[in-house]
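Analysis of the macromolecular model
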Amino acid sequence: FSSAKKIAELESKLRQSMETVGRVETLRATLADAYKMNETLQNKIDDLKTKNAKMLAEKSAARAKEIESVTSPQASFSKKTSSESSSGNEHKLEKLKQEYRRLRKEVAAAVLSKDQAKLKQERAEKERDNLMKTNVRLLKQGSEKDDMNAKSLSTILHLKQR
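Residues numbered from 1 in each chain as written. Predicted model: local features only at pLDDT ≥ 70, side-chain atom pairs only at ≥ 80, totals over all residues. Heavy atoms only, no water.

**Observations concerning the overall build of the chain**
Counting its secondary structure elements, the chain contains two helices and zero strands. The proportion of buried residues among the 162 residues of the chain is 1%. Taken as a whole, the chain presents about 15,100 Å² of accessible surface, with 59% of it coming from carbon and sulfur. (Helix = DSSP H or I, 4+ residues; strand = E, 2+ residues; numbered from the N terminus. Buried < 20%, exposed > 50% of the residue type's maximum accessible area, 1.4 Å probe, protein only. Areas by Shrake-Rupley, 256 points an atom, 1.4 Å probe, with all protein chains shown as cover.)

Given below as structure tokens:
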């Protein structure tokens, strides 16, 4: 009797161990898949970082070129007028510089205003989408209530006729 009991216990422990081994094997396979997926995603992130850096460099170069093209006529004009050194030309140069600064500020303000308007538009579109979803849901609920009321009224009238 004791021997049969021990055999049953050992068989039970063996089954549990085999189940555990099966779970461990499954876990190892899942872990291997996760490592592969992680490596793939890391490669994609690296590619995206590279593309982002390239785009930022191109954008920066384009801005630098744009600024250079805007400031270079002013610099060459400045050199010409400094050699002439007449007070009338210096006065005109100062006025042009002031107007340039003022226009740059206006452009910066316009760009900022445009960005703010774009954000405001995006928020309004999101709010509109949410309101449309709510409206559809409420219309559906109203329709369902109307159907329920019509069925209830029909049932009441039917019961009154009996």
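The rest of the description comes next.
**Section: the layout of surface pockets**
Reported here for the largest pocket is a volume of approximately 400 Å³. Lining of the largest pocket is provided by 11 residues; of these, Arg-63, Glu-66, Ile-67, Arg-104 and Val-107 occupy positions nearest its centre. The set of elements that each furnish at least two residues to the lining of the largest pocket consists of helix H1 (2-84) and helix H2 (87-161). Grouping the constituent residues of the lining of the largest pocket by class yields seven nonpolar, no polar and four charged. (1 Å grid on protein atoms, 1.4 Å probe; cavity = no way out; pocket = protein on both sides within 12 Å on 5 of 7 lines; lining within 4 Å. Points joined across faces, edges and corners; volume = space filled by probe spheres on them. Nonpolar A, V, L, I, M, F, W, Y, C, P; charged D, E, K, R; others polar.)

**Description of the pattern of salt bridges**
Under the counting rule described, the total for this entry stands at four salt bridges. The partner of Arg-28 in a salt bridge is Glu-25, with the nearest N and O atoms 3.3 Å apart. Linking Arg-28 with Glu-25, this pair stays in helix H1, spanning three residues, or about one helical turn. A residue is classified by how much of its surface remains accessible, and Arg-28, at 53% relative accessible area, is exposed. Close ionic contact of Arg-128 with Asp-129 constitutes a salt bridge, the shortest N to O distance being 3.1 Å. (Salt bridge = Lys/Arg side-chain N within 4 Å of Asp/Glu carboxyl O.)

These figures capture arrangement, not role.
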